[in-house]
Amino acid sequence: MSHEWRRDASPATAVLLLDPPDHAPAGRASPRRRGRPAIMSREEVLEMIRRLASRPEGLFRVHDTHGHVYARARRQFGSWAAAVRAAGENYAQVVAAARRRSAASRRQATETRE
C-alpha cells in the first residue's frame, strides 16, 4: 500500500491518501467513508424540504418544528438558504412569507393582551 500526503486549501489541513485495499468489494474503488453514515441523503433532505414547503404554513418555523431536517440541511448544504434553493424553492419568497407570518402572529399576540 503506498501513501501520499496532500495539502488542501487550508494550510493546517493535511490528508493522507491511501491506495484502495486489495480486499475492497467489487465495483468499489475506495473503502467506506469514515465516520457515522448519513442519516438522510441529500436527495431525502431536498424531498423533505419540498414537502414542508408545500404545506399551508410553508417553511415558517421549520427550525422549531422539524429541527432534524433543518440541522441536516445546514450540514449537507452549508446553510438553510442553500438547501432551500437546491430544493427548487425561491428563498426570497420563503423569507418574505415567514416575516409576514411572524408580524401577524406578534400583532395577534399584542391584540389579545389588550
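Here is a short report on the structure shown in this document. Residue numbers here run from 1 along each chain, matching the order of that chain's written sequence. Since the coordinates come from a predicted model, pLDDT governs what is reported: local features require at least 70, and pairs of side-chain atoms require 80 or more to be given and counted, while whole-chain, interface and lining totals use all residues. Side-chain descriptors were evaluated using all non-hydrogen atoms of the structure, hydrogens and water having been removed beforehand.

Observations concerning helix α3 (residues 67-77)
Operational definition: Exposure categories follow from relative accessible area, calculated using a 1.4 Å probe and restricted to protein chains: below 20% of the type maximum is buried, above 50% is exposed, and the middle band is partly exposed. A helix here means a DSSP run of H or I that spans at least four residues, while a strand means a run of E at least two residues long, and both kinds are numbered starting from the N terminus. Arc definition: it is the arc formed by the directions from the helix axis to the C-beta atoms. Whether two residues touch is decided by their heavy atoms; if any such pair falls within 4.5 Å, the residues are in contact.
Every buried residue of α3 is listed here: Val69, Arg72, Ala73, Gln76 and Phe77. Buried residues of α3 fall within an arc of 105° about the axis and therefore sit on the same side. Taken together, the buried residues of α3 touch α1 (42-53) and α4 (80-86).

Digging into the packing of α1 against α3
What counts, and what does not: A fitted line through C-alpha atoms serves as each axis, taken over the contacting stretch for helices, and the angle formed by two N-to-C directions is quoted from 0 to 180°. Relative orientations are named as follows: roughly parallel for angles under 35 degrees, roughly antiparallel for angles over 145 degrees, roughly perpendicular for angles from 65 to 115 degrees, and oblique for any other angle. Each crossing gets its hand from how the near helix is turned against the far one by less than a right angle, where anticlockwise is left-handed and clockwise is right-handed.
Running from N to C, α1 and α3 point in directions that differ by 130°, and their axes come no closer than 10 Å. The angle between α1 and α3 places the two elements in the oblique class. The crossing of α1 and α3 is left-handed. Here α1 contributes Arg42, Val45, Leu46, Met48, Ile49 and Leu52 to the contact with α3, which in turn contributes Val69, Arg72, Ala73, Gln76 and Phe77.

Points about the nonpolar core
The nonpolar side chains of soluble globular proteins are, as a tendency, buried together. Let me state the cut-off plainly: Definition of nonpolar core: a set of buried residues of the types Ala, Val, Leu, Ile, Met, Phe, Trp, Tyr and Cys, connected through side-chain atoms within 4.5 Å.
In terms of nonpolar packing, the biggest core is built from 17 residues, with Ile49, Leu59 and Trp80 touching the most fellow members. Among the secondary structure elements, those contributing two or more residues to this core are α1, α3 and α4. Counting residues per element, this core draws most heavily on α1, at six residues. When neighbours within four sequence positions are excluded, Trp80 is seen to be in contact with Ile49, Leu59, Val62, Val69, Tyr70, Ala73, Arg74 and Tyr91.

Considerations on α1
Quick reminder of the rule: To estimate the expected span of a helix, subtract one from its residue number and multiply by 1.5 Å.
An ideal rise of 1.5 Å per residue puts 16 Å on 12 residues; α1 measures up with 16 Å between its terminal C-alpha atoms. Looking at the buried side of α1, the elements it contacts are α2 (62-65), α3 and α4.

Re the packing of aromatic side chains
Here is the rule we go by: Working definition: rings of Phe, Tyr and Trp (its six-membered ring) pair if their centres are within 6.5 Å, and the pair is stacked with planes under 30 degrees apart, edge-to-face with planes over 60 apart, and tilted otherwise. Look at NZ for Lys and CZ for Arg. If either is within 6 Å of the ring centre and within 35 degrees of the ring normal, a charge sits over the ring.
Following the criterion strictly, the structure yields one aromatic pair and no others. Ring plane angle 45° and centroid distance 5.2 Å describe the contact between Tyr70 and Trp80, whose orientation is recorded as tilted. Taken together, the positions of Tyr70 in helix α3 and Trp80 in helix α4 put the pair 10 residues apart, joining distant regions of the chain. If you follow Arg42 out to its NZ or CZ, it ends over the ring of Phe77, 4.1 Å from the centre.

Concerning the pattern of salt bridges
Short version of the rule: A pair is scored as a salt bridge if a Lys or Arg side-chain nitrogen falls within 4 Å of a carboxyl oxygen belonging to Asp or Glu.
For the structure shown, the criterion picks out three salt bridges. Of the charged contacts in the structure, one is a salt bridge between Glu47 and Arg51, with a shortest N-O distance of 4.0 Å. Remark: Arg51 and Glu47 occur in helix α1; sequence separation between them is four residues, near one turn of the helix. Residue class for Glu47 comes out partly exposed when judged on its relative accessible area of 36%. Owing to a relative accessible area of 47%, Arg51 belongs among the partly exposed residues under this scheme. A single network of salt bridges, built from pairs that share partners, joins Glu47, Arg50 and Arg51.

Honestly, it's all geometry; don't read function into it.
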